[in-house]
Amino acid sequence: MKFALSLALLLLLPALGPAAESRRGWEKSVVRIEVSRNAYDYYQPWIRRSETVDKTGVVVGKNQILTTAEKLSDHTLIRVQAGGRGAWANATVVWVDYYANLAVLTTAATDFWSGLKPVTIQTKPSFKKDGLQILRWREGKLESRQAEFTQFAVRKGQLSDINQAFLEASSEIQGAGAGEPVVSGSRLVGLVIEQSGRNCKIIPGAFLRMIVTAHADTQAPRLGYFHFYWQPAENTASLANLNLPGAPRGVLVIEVAPRLDGLPNVLQPRDIILQIDKFEIDMQGDYLDPDFGLLMLENLATRNRWAGDDVTMKIWRAGQIHEIIYRLPRYDFTNSLVPAGVFDQPADYLITGGLVFQPLTVPYLQRWGSERARNALFRLNYYREDEATKDRPSLVILSQVLPDRFNIGYQEYRGLVVAKINGQTVNDLSAVQQALKNPEGGFHIIDFAPNETVQRLVIAAGDSERAATARILENFGISAAAQITPTN
């Protein structure tokens, strides 16, 4: 009887097709994750709602589940499930790296780990181009969808502005981007972080291994980045003007921002970067990566490199070749004038007399979705390209005016960058709060940044302001006039 059953299974396997073959054994490594979290509405920052998010993880070590960091912030409960059905186990975060968009979870429930098997992360892209599969649990079954390799390309991260190499593949899977493992045979090739149409953006195995290893060895390793701006050296007239001999090559440095770590800049505008870490830079700004082929030079800041590492560059300056050492600055969300991410903290705001002040952040801009490209907030996106400086580390905006008889005439104002309040420069909500304590002649005088459609707004200060604030909070059901997270 057993022989007959085994024979029947053997005969059945080919009929199950390549999808069934590709997911064999992965049932013991792919894990379903459920995250309950607080989510904030950055248009109405006083509103907090609960949401539940499904994610996928994969076992990569002893009692370790690797997944993406997206949607893990502000979590209230994390549960994991093995085998796609059955009991859930409460889980905790071992570490989360929002800059790399990766995290490792674990659970103290010993029964959960029974039968689970860690996978091997493939760090070299030696897979067959048509041999990729994307896996996830759906309705108790392990779904396997074929993916076709498209290219390796350098893109900005999902949660940060760090440029790094991603694997791009085309697949008929729908709704992916929650950490689904991409596999080739018995090896983990990457994790899906985004899907647009059929195109899937995937963190490759080499980056997964680098981040996982670093977090196992050190405390909070931080990624670095190139803080200078460059342009392709395709303009032969410019190269001739700089007397670069030979064939056109390298990239032209056009701007070098002051370093926030206080170190001197070793690069100058009009330098031509010819080599980075002994990789030749072509006139498009690409280098030949031994693993991924032609990639943009920005990837060399994260290719087995960390903040504080020294990078060797060969440059052309003032008619001579120089070899310089460039120390990688540490990437931080606060390096940008408009931070790309705000995690594990409530949305900040301050309300007075119906005027709502908020920090300008990417989550605020994302709240508007594609609408921001068609409305007045479109101009706020230009600030995303600016670096933070000691004089201007961040921006505060008047995001909206909650209508009341106290602020009649101002109710249409929104999305205005605030420069000063009562003569004091304001860069954050703490400065706004302090400036509001010093009205001028019984009024608050709010000056906006140059080129705003409105340059100044004046409202009464004192008892009428406080009465209006209390009335507005009650009318709009807002529990507190301010939420300001202390800065470190």
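Small disclaimer: the values here were computed from a predicted structure and weren't measured.

Reading guide: rules and limits
- Residues numbered from 1 in each chain as written.
- Predicted model: local features only at pLDDT ≥ 70, side-chain atom pairs only at ≥ 80, totals over all residues.
- Heavy atoms only, no water.
- Core = buried A, V, L, I, M, F, W, Y, C linked by side-chain atoms within 4.5 Å.
- Buried < 20%, exposed > 50% of the residue type's maximum accessible area, 1.4 Å probe, protein only.
- Helix = DSSP H or I, 4+ residues; strand = E, 2+ residues; numbered from the N terminus.
- Salt bridge = Lys/Arg side-chain N within 4 Å of Asp/Glu carboxyl O.
- Pairing = 2+ DSSP bridges.
- Axes fitted to C-alpha atoms, helices over the stretch in contact; angles between N-to-C directions.
- Phe/Tyr/Trp six-rings, centres within 6.5 Å; stacked < 30°, edge-to-face > 60°.
- Polar contact = N/O pair within 3.5 Å; in protein donor to acceptor, adjacent residues only side chain to side chain.
- Contact = heavy atoms within 4.5 Å.
- Expected span 1.5 Å × (residues − 1).
- Arc of directions from axis to C-beta.

### Points about the nonpolar core
One finds Trp26, Leu66, Leu102, Leu188, Leu223, Leu360 and Tyr383 to be the most contacted residues of the largest nonpolar core, which totals 54 residues. Of all the secondary-structure elements, those providing two or more residues to this core are β1 (30-40), β2 (48-61), β6 (102-106), β8 (132-138), β12 (187-196), α2 (205-217) and α4 (362-366). Core analysis: the second largest hydrophobic core is formed by 39 residues, Ala147, Trp230, Phe292 and Val311 among them.

### As for the pattern of salt bridges
For the structure shown, the criterion picks out 26 salt bridges. We note a salt bridge from Glu194 to Lys201, for which the minimum N-O separation is 3.9 Å. Classification of Glu194 by relative accessible area gives partly exposed; the value is 31%. Between Asp386 and Arg392 there is a salt bridge; the shortest N-O distance is 3.5 Å.

### Observations regarding the pairing of strand β20 (residues 310-317)
Sheet analysis places strand β16 (residues 272-276) next to β20, joined by four bridges and oriented antiparallel. When the sheet's bridge partners are listed, Ile273 is paired in β20 with Ile315. Across eight bridges, the pairing between β20 and strand β21 (residues 320-327) is antiparallel. The residue bridging Ile315 from the neighbouring strand is His322, located in β21. Connecting the antiparallel pair β20 and β21 is a turn made up of two residues, with Ala318 showing a positive phi of about 50°.

### Some words on the sheet that holds β2
Strand order in the closed barrel formed by six strands is β1-β2-β3-β6-β5-β4, and the pairing between neighbours is antiparallel. The mean inter-strand angle of the sheet, taken between neighbouring strand axes irrespective of direction, is 40°. Bridge count between strand β3 (residues 64-67) and β6: three bridges; the pairing is antiparallel. Opposite Leu66, over in β6, you have Val104 as the bridge partner.

### A look at the environment of Ala467
Structurally, Ala467 can be placed in helix α6 (residues 463-476). It is 12 Å that separates the C-alpha atoms of Ala467 and Ile351, two residues lying 116 residues apart in sequence.

### Section: the packing of aromatic side chains
Per the counting criterion, the structure on display carries 15 aromatic pairs. The interplanar angle of 90° and the centroid separation of 5.6 Å between the aromatic rings of Tyr225 and Tyr331 together place this pair among those described as edge-to-face. One end of the pair, Tyr225, is in the loop between α2 and β14 (228-232); the other, Tyr331, is in the loop between β21 and β22 (349-352), and 106 residues separate them in sequence. Judged by relative accessible area, Tyr225 falls into the buried class, the value being 15%. Pairing Tyr331 with Phe333 gives two aromatic rings, centres 6.1 Å apart and planes at 85°, and the pair type is edge-to-face.

### A short note on unusual backbone geometry
Of note in this structure, Asn63 is not a glycine but carries a positive phi near 55°. With respect to the element layout, Asn63 can be found in the loop between β2 and β3. Within the chain, Glu139 stands out as a residue other than glycine whose phi angle is a positive 50°. Using a relative accessible area of 77% as the deciding quantity, one classes Glu139 as exposed.

### Regarding the side chain of Asp161
Mapped onto the elements, Asp161 comes out in the loop between β9 (141-156) and β10 (163-171). Of note is the side chain of Asp161, whose polar atom sits 3.4 Å from the side chain of Arg384. Residues within four places of Asp161 in sequence aside, it is in contact with Lys156, Tyr331, Ser336, Ala340 and Arg384.

### Some remarks on the side chain of Ser171
Take Ser171: it is sitting in strand β10. Within the structure, the side chain of Ser171 is placed 2.9 Å from the backbone oxygen of Gln146, a separation counted as a polar contact. There is a polar contact of 3.1 Å between the side chain of Ser171 and the backbone nitrogen of Ile173.

### What to know about the environment of Pro346
Note that Pro346 resides in the loop between β21 and β22. Each C-alpha atom, one on Pro346 and one on Ser126, is 44 Å from the other, the two residues being 220 residues apart in sequence. Residues within four places of Pro346 in sequence aside, it is in contact with Tyr40, Arg48, Gln483 and Thr485.

### Remarks on the pairing of strand β23 (residues 355-359)
Counting buried positions over the five residues of β23 gives four, a clear majority of the element. Looking at chain direction, β22 and β23 are connected through three bridges and run antiparallel. Bridge pairing in β23 places Leu350 opposite Phe357. Between β22 and β23, which pair antiparallel in sequence order, lie two residues; one of them, Gly353, sits at a positive phi of approximately 55°. As paired elements, β23 and strand β24 (residues 396-401) share five bridges and run antiparallel to each other. Paired with Leu355 across the strands is Val401, a residue of β24.

### Let's talk about α6
Because the α-helix completes a turn every 3.6 residues, residues three or four places apart line up on one side. Given a rise of 1.5 Å per residue, 14 residues ought to cover 20 Å, and the 20 Å separating the end C-alpha atoms of α6 matches this to within 8%. Among all positions in α6, only Glu465, Ala468, Thr469, Ile472 and Leu473 are buried. When α6 is viewed along its axis, its buried side chains cluster within an angular range of 130° and face the same direction. Relative to its buried face, α6 has exposed residues pointing more than 90 degrees away, namely Asp463, Arg466, Glu474 and Asn475. As for α6, its buried residues are in contact with β22, β27 (443-448) and β28 (456-460). Downstream of α6 by one or two residues, Gly477 has phi in the positive range, about 65°.

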